[in-house]
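Residue-level structure breakdown
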2 protein chains.
Amino acid sequence: MGSVKEIFFLLLAAFFVVSDCSIETTTADRYIEHGGLNAGDADSTNHDANQTHQVQRYKIAEFDFHTVAQPFVISIWIVVASAAKIGFHLNNKLSSWFPESCLLILVGVILGVILWAADVTRIVLDSHTFFLYLLPPIILDAGYFMPNRALFDNIGTILLFSVIGTLLNTLLIGFSLWGFSKSGGIGAFDLDLDLLHCLVFSSLLSAVDPVAVLAIFEEVQVNEILHIVVFGESLLNDGVTVVLYHLFEGLSHIGQENVIVLDVVYGVLSFFVVVGGGTAIGVLFGFLTALVTRFTDHVRVIEPLVVFVMGYLSYLTAEMFHLSGILSCTFCAITMKKYVEANISQKSHTTIKYFLKMLASVSETIIFMVLGISTVYATHRWETGFCLMSLIFCLVYRAAVVVFLTAIANRFRLVRLSGVDQFIIAYGGLRGAIAFSLVALLDIGLFPFQPLFLTSTLLVIYFTVFVQGTTIKPLVGLFRIKRANKHKPTMNEQLHSRMIDHLMAGMEDIAGHHGNHNQRLLFENFNARYLKPMLIKRRNLRARGLSILNVYQKLNEKDAREMLSNGSFADLTQLQNMSHSMADHLHYNNLQ
Amino acid sequence: MGSVKEIFFLLLAAFFVVSDCSIETTTADRYIEHGGLNAGDADSTNHDANQTHQVQRYKIAEFDFHTVAQPFVISIWIVVASAAKIGFHLNNKLSSWFPESCLLILVGVILGVILWAADVTRIVLDSHTFFLYLLPPIILDAGYFMPNRALFDNIGTILLFSVIGTLLNTLLIGFSLWGFSKSGGIGAFDLDLDLLHCLVFSSLLSAVDPVAVLAIFEEVQVNEILHIVVFGESLLNDGVTVVLYHLFEGLSHIGQENVIVLDVVYGVLSFFVVVGGGTAIGVLFGFLTALVTRFTDHVRVIEPLVVFVMGYLSYLTAEMFHLSGILSCTFCAITMKKYVEANISQKSHTTIKYFLKMLASVSETIIFMVLGISTVYATHRWETGFCLMSLIFCLVYRAAVVVFLTAIANRFRLVRLSGVDQFIIAYGGLRGAIAFSLVALLDIGLFPFQPLFLTSTLLVIYFTVFVQGTTIKPLVGLFRIKRANKHKPTMNEQLHSRMIDHLMAGMEDIAGHHGNHNQRLLFENFNARYLKPMLIKRRNLRARGLSILNVYQKLNEKDAREMLSNGSFADLTQLQNMSHSMADHLHYNNLQ
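Residues numbered from 1 in each chain as written. Chains lettered and ligands numbered in written order. Predicted model: local features only at pLDDT ≥ 70, side-chain atom pairs only at ≥ 80, totals over all residues. Heavy atoms only, no water.

Taking an unreviewed UniProt entry as the reference, chain A is identified by name as Sodium/hydrogen exchanger belonging to Capitella teleta. The UniProt entry for chain A carries this comment under Subcellular location (unreviewed entry): "Membrane". Per UniProt, chain A has the following entry under Sequence similarities (unreviewed entry): "Belongs to the monovalent cation:proton antiporter 1 (CPA1) transporter (TC 2.A.36) family." (UniProt positions renumbered as here; feature names shortened; annotations may be inferred.)

Right, dumping it as structure tokens:
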């Protein structure tokens, strides 16, 4: 515990350094004021010995924080976040019992209370910073390392949950809250709530948060299907959330009495624009990135940068048109990955992998910590009835909608989702920083109940992250849910799964049903014939085709190393045969 | 050439997109304006169909550039820089004849002329951005991959050039320019120049630029001694430049007639503060980084980030106190490297290496391109006499000072610098973006000749980068200068060089002369006894001690692979013996 304490004090010290300037840094850019006297001009009230002279003398040393304030504060934040991360993992007990996200929020709250008591500064998660800088790295990382096959195998179920599920949740929660505020029944609360305001609140509250889900599910490690259904839902529901939030917020501006049918029709139409547009921009940027990496043979050094920047640009471009940045960035990463990986060098690959993970990890850490701090500083309003009912509606409707939609999905699924699976999907529906950022954006002039919404949102976030996040791991163990089975598929498995795909496509063809496998086969043919030759270097295209030889060579090398380290050369003739046959193959390879 | 053209048009398109917003982005932070109507409020003059309604209707889609302007513009710049880099290397002839830096400046100038003609926007290299964001990655990269041994073996010569050399150049150029402006001799120019103004100008003009030197010398690949002397000088002269520039600029503020001796004494003292303080901050941050990486066993993912952020913080902290950020960052990287490398994982090592190279490369690209664009937009003033004399003084005094200082240095050097070496050192004294940024910072109110200084600085930069930068490669070939000999030292070489170090230290001891080798031995003892146990994980400390076994294992593995690929297992008994003896060693290793 000693080291954790130490790091905590380090955190504190850093914050007090930062606190002094947090206001200045957000106002405007400043320019370096070189020259000894500029600083002196600024604080002319300073009583020093030089005051007696008519002109101020040249100074040996000076202190000028404002010049470097902005990057300095950002760097300190990153250092603090890193220190917090290191601190937790030094203490094994703590990190094995609680998820990192909970601990980070707690640290944030404690820091917030101390800062609040010391009354030094006001730190609140800035929605602008969150959406433009903290969220994109996490989404890019998630998209780039998305298990594509699992995603597209379960795309129907995922879309059902993310589109219909989020919509149902929004409507159910919104109307229920409004109804309870109007009726005088049990658990009712006497607030003059507007229906549209309730719907704005429920739209931001009903979306599962990808950041929270990633943080928790990374530690739980359930099987791939469960993971992709919950995580896929959290990523793809962004489109729905953006539309519903903007729609209801826009309609609130117009005013409930002025809303005409056309507005609602436009709202429904905008769903297709937001989802389709976001996805299209993402796919477009993905292909563009692939195309650029075709020509980086002589400038390997910028390969990782191209991937990061293009992914980020896809997010920004979508946001610029008020489309779904999350969808855009996700699909950009999914699209580019296969082609980029074929084009870039091994070193670039490692750099991309570890740097993306690093960026995402730091963003996540900062998000949870600042969420904790913001809790202290936000303007709250507590109404027991409304807050508790929001939480209960959230949990109950989530469960009900999951059960209802699973019943539909199971009619079409080959691998059905069991009752336990449904429980984990419902229980894993964590809320997080996106909801907080959206509620913080609401204008208190238009939404007089904004503080109440904010408090309720935080209650739901804390309940899902702390109670559900902490207990989901033991529950997964209790229900004996199949855990993730992480191993690289062997060559044998790859060959068989490929064959089965073709077989299934053939069967679908015979049955006259054009399903999943048929579409995949069609896409793969199109990909091999048109996309790959355009987006992958010719040289690497060839090498891919002969990848079976590479695998063979690697296996041989591995065997040789193993034999060497075991000191057993019993089966020498076999080894010799292997090496000969490999040499033949390589010879053949060269001739090609 | 087709592809180069294509990329050029891409560049243009990007710039026109960017141009529209470059002013807004620098003013202040903006917040995301969610909600359909906010944008509508802003441009209410917009004549659309909705104007007839009393309230504006909900919109399906919107465009809002301001929200994302800042990160979008930065991303576009990076994309443009990457595209320019890729473009050059697609054309082999171009990139083999001209250094990349020249081509990038040219592209910048062409872009600048087009933008100027189209009158869309005004892009000038912002000194604030340059010193705070573009320079640090380059310095961190340079420091981290500094050949330490070569640096400290030649530290005397390097310090002589960087401190005394820069000082001499500044005084000589400054006084000569002032003298010529006062006298009526040949080549004189009739300008009423202030002595202090001349000295400010000469102080920023006389420092060799690390960015320009790196860019050119990376392609030339002279031997290690020449490289480290020129490059070391360019890095370490920053302290002198900062002091002289601030001193003369500060004195100009005071006014020539008001300067008293105390100011000059303070100026001299501030040299020690700036250099000593900068170095101390760097070393401190270096040790701190090493200490942090001792505890990152469970959070490997943040290791690269810690290195980047701490290096950056060392730069910012030094700049905050108006000390030399370049010295601080360089020594931070030099100090941390050995300990950090011993602590972090192999993957983190690769990530650091490639990401640093990537950041530095992009920064460099942007710097040269914007330097080109700035040339077009800057406020110029051409005075043939003054401009040409600045250039001539720069070149002549550089050569004279190098010859003079080499004569002194050669008295103490074991490996003397030959005449040809001296020529390359003088010829490699390139000027670059630092000089431009400093001259751009001068206040035109106080320095009425600022436009003249700026034009002259650009002339010197262009001459050194274009003429000297392009011809240095053929000249190095012509003079048959020893090229860089890049190979990893074999175990044999390492052992011998270690033994010779000890031998030399012993001889120095006998001779009663406490020189270089003695100091190194002392430091290495201190390092092994106190620093390493504190800064390196215990486990890795042990592993280092047994590194000879690792080398042995690797050699064996290599042999096994080679035999396998050759298909020759003739000497099987030997291989078997090897594997057995290695197994024994590993066993011994485990017992330890």
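Structure's up, so let's keep going.
**Overview of a nonpolar patch on the surface**
On the surface, Val261(A), Val264(A), Val265(A), Val268(A), Leu269(A) and Phe272(A) cluster together to form a nonpolar patch covering roughly 540 Å² of accessible area. In this fold, Leu269(A) is placed in helix α13 (residues 261-293). (Patch = residues over 30% accessible without salt bridge, like charges linked within 9 Å, V, L, I, M, F, W, Y side chains within 5 Å. Areas by Shrake-Rupley, 256 points an atom, 1.4 Å probe, with all protein chains shown as cover. Salt bridge = Lys/Arg side-chain N within 4 Å of Asp/Glu carboxyl O. Helix = DSSP H or I, 4+ residues; strand = E, 2+ residues; numbered from the N terminus.)

**Quick word on the domain arrangement of chain A**
If you check the domain split of chain A, you get domain 1 (127-479), domain 2 (498-546) and domain 3 (547-577). Its C-alpha centre places domain 1 of chain A at a distance of 48 Å from the equivalent point of domain 3 of chain A. (Domains from an automatic or database assignment.)

**Details of the nonpolar core**
Counting 315 residues, the largest nonpolar core has Phe130(A), Leu135(A), Phe130(B) and Leu135(B) as the members making the most contacts within it. With near-sequence residues (within four places) excluded, Leu135(A) lies in contact with Phe130(A), Val211(A), Tyr315(A), Ile326(A) and Ile434(A). (Core = buried A, V, L, I, M, F, W, Y, C linked by side-chain atoms within 4.5 Å. Buried < 20%, exposed > 50% of the residue type's maximum accessible area, 1.4 Å probe, protein only. Contact = heavy atoms within 4.5 Å.)

**Overview of the packing of aromatic side chains**
Counted according to the given criterion, the structure contains 31 aromatic pairs over all chains. Taking the centre distance of 5.1 Å and the plane angle of 75° together, the rings of Phe130(A) and Phe131(A) count as edge-to-face. Taking relative accessible area as the criterion, Phe131(A) reaches 8% and is therefore assigned buried. Where Phe393(B) meets Tyr397(B), the ring centres are 5.6 Å apart and the plane angle is 20°; that geometry is what we call stacked. One end of the pair is Phe393(B) and the other is Tyr397(B), both in helix α17 (residues 384-410) and four residues apart, which spans about a single turn. With respect to class, Phe393(B) is no different from Tyr397(B); both count as buried. The structure contains a cluster of three or more aromatic residues connected by ring pairs, namely Phe308(A), Phe355(A), Phe308(B) and Phe355(B). Across from the ring centre of Tyr144(A), 5.6 Å away, lies the NZ or CZ of Lys337(A), which sits over that ring. (Phe/Tyr/Trp six-rings, centres within 6.5 Å; stacked < 30°, edge-to-face > 60°. Lys NZ or Arg CZ within 6 Å of the ring centre and 35° of its normal.)

**Topic: the pattern of salt bridges**
Inspection of every chain in the model, using the stated rule, returns 14 salt bridges over all chains. Overlapping salt bridges, with partners in common, bring together Asp297(A), Arg300(A) and Glu303(A) in one network.

**Overview of the packing of helix α7 (residues 127-144) of chain A against helix α15 (residues 325-343) of chain A**
All names here are of chain A. For the pair α7 and α15, the least separation of the axes is 8 Å and the interaxial angle reads 45°. When the axis of α7 is compared with that of α15, the two are oblique. As α7 packs across α15, the resulting crossing turns out to be right-handed. Residues Leu135, Pro136, Ile139, Leu140, Gly143 and Tyr144 of α7 pack against Ile326, Cys329, Thr330, Ala333, Ile334, Met336, Lys337, Val340 and Glu341 of α15. The residue inventory of the contact of α7 with α15, partitioned by class, reads eleven nonpolar, two polar and two charged. (Axes fitted to C-alpha atoms, helices over the stretch in contact; angles between N-to-C directions. Parallel < 35°, antiparallel > 145°, perpendicular 65-115°, else oblique. Left-handed = near helix turned anticlockwise from the far one by under 90°. Nonpolar A, V, L, I, M, F, W, Y, C, P; charged D, E, K, R; others polar.)

**A closer look at the environment of Val240(A)**
All names here are of chain A. Here Val240 shows up in helix α12 (residues 224-254). Through-space distance from the C-alpha of Val240 to that of Gly432 is 16 Å; in sequence the pair is 192 residues apart. Val240 has contacts with Ser162, Val163, Thr166, Leu167 and Phe271, leaving out every residue within four places of it along the chain.

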